[in-house]
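Below are the chains, spelled out letter by letter.
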Amino acid sequence: MGWTRLKLILAAVLTAANTVMLCLILGFHYSSAYLPQQSMERLQLMLAENGIAVSESAVDTKKPNLVIYEGAFGEDYYTNVAELLSGSVTELSFNTPNGFVLSMENGDRFSFYNGFGIRYAAKDAPGAEELDALSGMNLTPLSKSDERKLKRTVNAFLQTAENGGGTAQLSLLAWDVLYTGEDPESGIRYCVCGQNARNTEINTLTSAFAVYDGKVIGISGSWCFAQVDSSYSAQLLDQINILYSVKNRVLEERKENGGDVVEIRSLRLGYAAYFRGDSERFYLIPVWNTDMNNGTTYSINAVDGSLYTN
């Protein structure tokens, strides 16, 4: 056998060995990153037998990989946020069963409740009642140009608090515009926005902003201006565990109230804000949001499997 032929054989053997090794590595990576397809198929069959359908492509088989975030909002959090947003000082403040109310020297008024809940009305501006009824308004769509201007106005307003005193870690918490519109009768423009952490939505951290004459005149919803100061990983429940939990909840509700076949439209990861008793610490914990065809969404804690309630 010639030396040239021997080298060709050795090269072919090495190439084959590398190909096998690469296939093994890719297979291991896939099995560690994705749920077994057979397990998902068996689960879908079991759900169907219990009157629970699963929409095609509703469930991604990629295993969850989110961290838990922890932060603090401090003793003077509400006062600081109100004074930074209004550009005024507090004239009067008092506690309520669920939070705080602050009246500012310039006539602005703030209410903070249930952690990050916020209502704001500028002096002589419509109150939060109009914002609460926003979903029932017949809003006129905005042009792309007007929508961009509206977003810039809201962004500049929020940054007065986010940049002042370093009350938010902007590299973590960002926000997206969910929808916009204008009330043709009053000329007030509305911008509904939701916060996210590393491009993952945060349940309930959504607010409606009312803008008139280029100025934010009202807020209603929930918004976090506080600082996230640490993060850590945790073992998260995967889609199979969550779907079993959803099945049990559906069957319990069907037993109590009756009902027909339901369908799971989507299963998506998000975050939810949790608060530790009376302390000034809060947590952003991964949750699985399961959207059903009947309008119900089950938000289930991805760490302990409990149902999230705001």
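See the structure printed just above.
Asks: Describe the pattern of salt bridges, and please don't skip the residues or the numbers.
Replies: Pairing is possible between side chains of opposite charge, provided their charged atoms come close. Taken as a whole and assessed by the stated rule, the structure comprises 7 salt bridges. Put simply, Arg-189 and Glu-182 hold a salt bridge, and the shortest N to O gap is 2.9 Å. Owing to a relative accessible area of 25%, Arg-189 belongs among the partly exposed residues under this scheme.

Asks: Tell me what's going on with a positive patch on the surface, and back it up with residues and numbers.
Replies: On the surface, Lys-144, Arg-148, Lys-149 and Arg-152 cluster together into a positively charged patch. Residue placement: Arg-152 occurs in helix H5 (residues 144–162).

Asks: So what's going on with helix H2 (residues 37–49)? Residues and values would help.
Replies: Compared with an ideal rise of 1.5 Å per residue, which puts 13 residues at 18 Å, H2 spans 19 Å between its outermost C-alpha atoms and is within 8% of the ideal. When H2 is considered as a whole, its buried residues turn out to be Met-40, Leu-43, Met-46 and Leu-47. Take H2 and look down its axis: the buried residues cluster within an arc of 125°, on one side only. The exposed set on the far side of H2, more than 90 degrees from its buried face, consists of Gln-38, Arg-42, Leu-45 and Glu-49.

Asks: Tell me about the packing of aromatic side chains, and please be specific about residues and values.
Replies: Within the structure shown, the criterion is met by 18 aromatic pairs. Aromatic pair Tyr-77 and Phe-116: ring centres 6.2 Å apart, planes at 70°, arrangement edge-to-face. Remark: Phe-116 occurs in the loop between strand S5 (109–113) and strand S6 (117–121) and Tyr-77 occurs in helix H3 (residues 77–86); sequence separation between them is 39 residues. Considered together, Tyr-77 and Phe-116 belong to a single accessibility category, that of buried residues.

Asks: Which residues make up unusual backbone geometry, and what are the values?
Replies: Negative phi values dominate among residues other than glycine, just as trans dominates among peptide bonds. One non-glycine residue, Arg-198, lies in the positive phi region at around 50°. In this fold, Arg-198 is placed in the loop between strand S8 (189–197) and strand S9 (200–212).

Asks: Give a description of the pairing of strand S12 (residues 262–275) that names residues and reports values.
Replies: Judged from the 3 bridges that link them, strand S1 (residues 52–54) and S12 form a sheet pairing that is parallel. Residue pairing for S12: Val-54 is matched across the bridge by Ile-264. Of the strand pairs in this sheet, S12 and strand S13 (residues 281–292) are connected by 11 bridges, and their pairing is antiparallel. By the bridge assignment for S13, Arg-268 is matched with Asn-289.

Procedures and definitions
Residues numbered from 1 in each chain as written. Predicted model: local features only at pLDDT ≥ 70, side-chain atom pairs only at ≥ 80, totals over all residues. Heavy atoms only, no water. Salt bridge = Lys/Arg side-chain N within 4 Å of Asp/Glu carboxyl O. Buried < 20%, exposed > 50% of the residue type's maximum accessible area, 1.4 Å probe, protein only. Patch = residues over 30% accessible without salt bridge, like charges linked within 9 Å, V, L, I, M, F, W, Y side chains within 5 Å. Areas by Shrake-Rupley, 256 points an atom, 1.4 Å probe, with all protein chains shown as cover. Lys, Arg positive; Asp, Glu negative; His and termini not counted. Charge placed at Lys NZ, Arg CZ, Asp CG, Glu CD. Helix = DSSP H or I, 4+ residues; strand = E, 2+ residues; numbered from the N terminus. Expected span 1.5 Å × (residues − 1). Arc of directions from axis to C-beta. Phe/Tyr/Trp six-rings, centres within 6.5 Å; stacked < 30°, edge-to-face > 60°. Pairing = 2+ DSSP bridges.

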